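What the coordinates show
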Amino acid sequence: LNFGDGTTANPPPRLMVEAPDWLVARASEEAPRSCLIWGDALEDTAVVRPRKARGQWVSLSALNNLRRLEPAKASKLWYDRYALDLRRLNAESGPAGVLL
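Just so it is clear, the model here is predicted, and its values are computed rather than measured.

Moving on: the confidence of the model for the protein chain. Detail in the predicted coordinates should be disregarded across regions flagged by low pLDDT. Of the residues in the protein chain, 65% have a pLDDT of 70 or more, and the chain-wide mean is 75. Here helix α4 (residues 95-99) stands out as the element of the protein chain with the lowest mean pLDDT, 52, in contrast to strand β5 (residues 58-59), whose mean of 92 is the highest.

Below, the discussion takes up the nonpolar core. Ranked by internal contacts, the top residues of the largest apolar core, which has 19 residues, are Val48, Val58, Leu63, Leu77 and Trp78. Of all elements in the fold, only β1 (22-26), β4 (46-50) and α1 (60-69) reach the threshold of two or more residues within this core. Top contributing element to this core by residue count: α1, with four residues. In contact with valine 58, other than residues within four places in its own chain, are Ser34, Cys35, Leu36, Ile37, Ala46, Val47, Val48, Leu63, Leu77 and Trp78.

Attention shifts here to unusual backbone geometry. In the Ramachandran plot, aspartate 44 falls in the positive-phi region, its phi being about 70 degrees despite a non-glycine side chain. Mapping aspartate 44 onto the fold places it in the loop between β3 (39-40) and β4. Residue aspartate 44 is classed as exposed on the basis of its relative accessible area, which comes to 53%.

Further remarks concern the packing of aromatic side chains. Within the structure shown, the criterion is met by one aromatic pair. Sitting over the ring of tryptophan 57, arginine 49 keeps its end group 4.8 Å from the ring centre.

Okay, the environment of alanine 27 next. Tracing the backbone shows alanine 27 in the loop between β1 and β2 (34-35). With sequence-adjacent residues up to four places away left out, alanine 27 is seen in contact with Arg33, Ala41, Leu42, Glu43, Asp44 and Thr45.

Rules of the game
- Residues numbered from 1 in each chain as written.
- Predicted model: local features only at pLDDT ≥ 70, side-chain atom pairs only at ≥ 80, totals over all residues.
- Heavy atoms only, no water.
- pLDDT = per-residue confidence, 0-100.
- Helix = DSSP H or I, 4+ residues; strand = E, 2+ residues; numbered from the N terminus.
- Core = buried A, V, L, I, M, F, W, Y, C linked by side-chain atoms within 4.5 Å.
- Buried < 20%, exposed > 50% of the residue type's maximum accessible area, 1.4 Å probe, protein only.
- Contact = heavy atoms within 4.5 Å.
- Phe/Tyr/Trp six-rings, centres within 6.5 Å; stacked < 30°, edge-to-face > 60°.
- Lys NZ or Arg CZ within 6 Å of the ring centre and 35° of its normal.

Structure representation (structure tokens):
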């Protein structure tokens, strides 16, 4: 953090968050995915997660609904470890993600 006088301070590690790279997948019978909001993602449901959040998927429609109705809770899904910029997620998920 820049104080304006040329000095800087580093926030404590517990306050540092990162912007995630998103992974997008589709739940299927061969590759079932759990959803942090709904429990299990239905077959043929698009699911997303930050690349480093191993196995912690959320359905794209549930995340989009959370983003619209309770945006402050979206980052809580991964225990505030990631600074969620959902515009970047929408861009990376392609046209299908924007339509949700």
